[in-house]
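# Coordinate inspection notes
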Amino acid sequence: MERYEIPLVPGPVSIPPAVLAAYAVDYGSADMEDEFFGLYASCEAGLQRLLATENAVTIQSGEGMLALWGALKSVLRPGDRVLALSTGLFGTGIGEMAQRCGAQAEIVDFGHDGVIDADVVQDAARRIRPRLITAVHCETPSGVLNPLAAVGAICREVDALFYVDFVASAGGAPVPVDAWHIDLGLLGSQKALSLMPDLSMISVSERAWAAAAETDYPGYDALQPWRTALADRYFPYTPNWHALAGLRVALDALFDEGLDAVYQRHTEAAALCRTRLHELNVRLFPRDEAYSSPTVTTAYVPDGWTWSDLDAALRSRGMVVGGNYGPLAERTFRIGHMGYQADVDLVARGMDVLAGVIG
Ligand SMILES: *Cc1c(COP(=O)(O)O)cnc(C)c1O
């Protein structure tokens, strides 16, 4: 298979050698060994530290979508009211998923070039009185990082659970779960954690556990069995020891570097990316850079280029970036500077290649 020297896709991101090495070990049977239970407990503690929460954090086999579906199915009952906040593909998609779960979901759409506006949320929340309010922290297709602290407070006011997809931000931007009153916080492995797409992690508040007990959803992606899995040493299926070993390596690396330094590295990589794009007269999407994500930058395909020609030209020079979806497909492309790819030298080399191609 062809490998690219300059990987800048916004997930799955490239995997550091130390994580790959953690997979190259024959661990044995996860559900029988004390060592595995200790590893699971230490990974959960690490995730709690990363997410600044005292809530339990489940570590399930799957990737981000399993977290998105499992959390919805675990707490919703047919007819429940849901308020889904959208600034793009994932925000709207979560609302539609809630509808598929039988909920009455109202999608409030701030536009894929907008951000969540807390005043609008407050009005809608008071009117709808939902069981669940859903939001996306980093809306990856548009490169927006939504402000969420005020939304969490609104959820408490109307006694709604707060469901947040931070798959594309956690590990690259602070996500203080407890301070933002997040009841169900959703994380996948293949974005800023730079792991394989094989784990989904969910922070679950006491309120969310209570809702899950009411809903009593059974299934591979069900949350409920995880409440007691570690204490009982009884997991709902054979856990992925290799993936948790990789997670432990990733968390250690974050804490060794220091979370402030990690976030600073992301901020600098993103700033460099945007500065170089401006210099090349490549228009950014959306225009309001105050809300641009430190993990991914979305830009318009330059005039005179199609996405597929640009993609081919970059690939021929060893660089691969992300295309886009939905209304942003073909018109825009995405540069993923998250996790292992949040590296100013890597981004600088990528921008040199882009300059050579379009300059
Ligand atoms: C990547 C991502 C997911 C998981 O989606 P996949 O396409 O399966 O990787 C969920 N939410 C957001 C915001 C993401 O960026």
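Refer to the structure presented above.
Conventions and cut-offs
Residues numbered from 1 in each chain as written. Predicted model: local features only at pLDDT ≥ 70, side-chain atom pairs only at ≥ 80, totals over all residues. Heavy atoms only, no water. Phe/Tyr/Trp six-rings, centres within 6.5 Å; stacked < 30°, edge-to-face > 60°. Helix = DSSP H or I, 4+ residues; strand = E, 2+ residues; numbered from the N terminus. Buried < 20%, exposed > 50% of the residue type's maximum accessible area, 1.4 Å probe, protein only. Pairing = 2+ DSSP bridges. Axes fitted to C-alpha atoms, helices over the stretch in contact; angles between N-to-C directions. Contact = heavy atoms within 4.5 Å. Salt bridge = Lys/Arg side-chain N within 4 Å of Asp/Glu carboxyl O. Disulfide = S-S within 2.5 Å. Parallel < 35°, antiparallel > 145°, perpendicular 65-115°, else oblique. Left-handed = near helix turned anticlockwise from the far one by under 90°. Nonpolar A, V, L, I, M, F, W, Y, C, P; charged D, E, K, R; others polar. Arc of directions from axis to C-beta. Near = heavy atom within 4 Å. Polar contact = N/O pair within 3.5 Å; in protein donor to acceptor, adjacent residues only side chain to side chain. Areas by Shrake-Rupley, 256 points an atom, 1.4 Å probe, with all protein chains shown as cover.

## Brief notes about the packing of aromatic side chains
- For the structure shown, the criterion picks out twelve aromatic pairs.
- With a centroid separation of 6.4 Å and an interplanar angle of 55 degrees, the aromatic rings of F36 and Y40 are classed as tilted. Highlighted residues: F36 and Y40, both in helix α2 (residues 34–50), separated by four residues, approximately one helical turn.
- Since its relative accessible area comes to 0%, F36 is described here as buried.
- Taking the centre distance of 5.9 Å and the plane angle of 70 degrees together, the rings of F36 and F235 count as edge-to-face.

## Concerning the sheet that holds strand β8 (residues 161–165)
- Reading across the sheet, the seven strands line up as β2-β10-β9-β8-β5-β3-β4 and stay open at both edges, with mixed pairing between neighbours. The outermost strands of the open sheet, each flanked by one partner alone, are β2 (56–61) and β4 (104–109). Within the sheet, the average angular offset between the axes of one strand and its neighbour, ignoring direction, is 20 degrees.
- In terms of strand pairing, strand β9 (residues 184–188) meets strand β10 (residues 199–204) through five bridges, oriented antiparallel. Along β10, the bridge assignment pairs G188 with S200.
- The sheet strands contacting helix α3 (residues 64–75) are β2, β5 (132–136), β8, β9 and β10, and the helix crosses β9 at an angle near 155 degrees.
- In the packing of helix α9 (residues 241–257) onto the sheet, contacts are made with β2 and β10, and the angle to β10 comes to roughly 65 degrees.

## A short note on the pattern of salt bridges
- Tallying each qualifying case throughout the model produces 18 salt bridges.
- Of the charged contacts, one joins R77 and D80 as a salt bridge, the two residues approaching to 3.0 Å between their closest N and O atoms.
- For R77, a relative accessible area of 31% corresponds to the partly exposed category.
- Assessed through its relative accessible area of 9%, D80 is described here as buried.
- Across the pair R265 and E257 runs a salt bridge whose closest N-O atoms are separated by 2.8 Å.
- Note on E257: relative accessible area 35%, which makes it partly exposed.
- Through salt bridges with shared partners, a single ionic network connects R77, D80, R131 and E214.

## Observations concerning the state of the cysteines
- Under the counting rule described, the total for this entry stands at zero disulfides.
- With no disulfide of its own, C101 has C155 as its nearest cysteine by sulfur position, at a separation of 18 Å.

## Comments concerning the packing of helix α5 (residues 118–128) against helix α6 (residues 149–157)
- Here α5 crosses α6 at 15 degrees, and the two axes come no closer than 10 Å. In terms of orientation, α5 and α6 fall into the roughly parallel class. α6 is crossed by α5, and the crossing has right-handed handedness. Of the residues in α6, those in contact with A118, V121, Q122, A125 and R126 of α5 are A150, V151, I154 and E157.
- Of the residues assigned to the contact of α5 with α6, the class counts are six nonpolar, one polar and two charged.

## Some details on the pairing of β9
- Taking burial as the measure, the five residues of β9 include five buried ones, the bulk of the element.
- Here β9 shows a buried face lined by L184, L186 and G188 and a second buried face lined by G185 and L187.
- By the bridge criterion, three bridges tie β8 to β9 in an arrangement that is parallel. The partner of V164 across the bridge, within β9, is G185.

## Focus: helix α11 (residues 307–316)
- Every buried residue of α11 is listed here: W307, L310, D311, A313 and L314. All buried residues of α11 fall inside an arc of 165 degrees around its axis, so they share one side.
- Contact partners of the buried residues in α11: β13 (319–321), β14 (332–336) and α12 (344–358).
- G318 occupies a position one or two residues after α11 and carries a positive phi of about 85 degrees.

## Some thoughts on the sheet that holds strand β12 (residues 296–300)
- Within the open sheet, the three strands sit side by side as β11-β12-β14. Their pairing is antiparallel. Each edge of the open sheet carries a strand with a single partner, namely β11 (284–285) and β14.
- One ladder, built from two bridges, connects β11 with β12; its direction is antiparallel. Residue pairing in the sheet places L284 in a bridge with A299 of β12.

## What to know about the site of the ligand
- Taken together, E63, M65, F90, V136, C138, T140, D165, V167, A168, Q190 and K191 form the complete shell of residues around the ligand.
- Residue E63 places a side-chain N or O atom 2.7 Å away from an oxygen atom belonging to the ligand.
- Between T140 and the ligand, the recorded distance is 2.3 Å, taken from a side-chain N or O atom to an oxygen atom.
- Burial of the ligand by the protein amounts to 81% of the accessible area it has alone, namely 380 Å².

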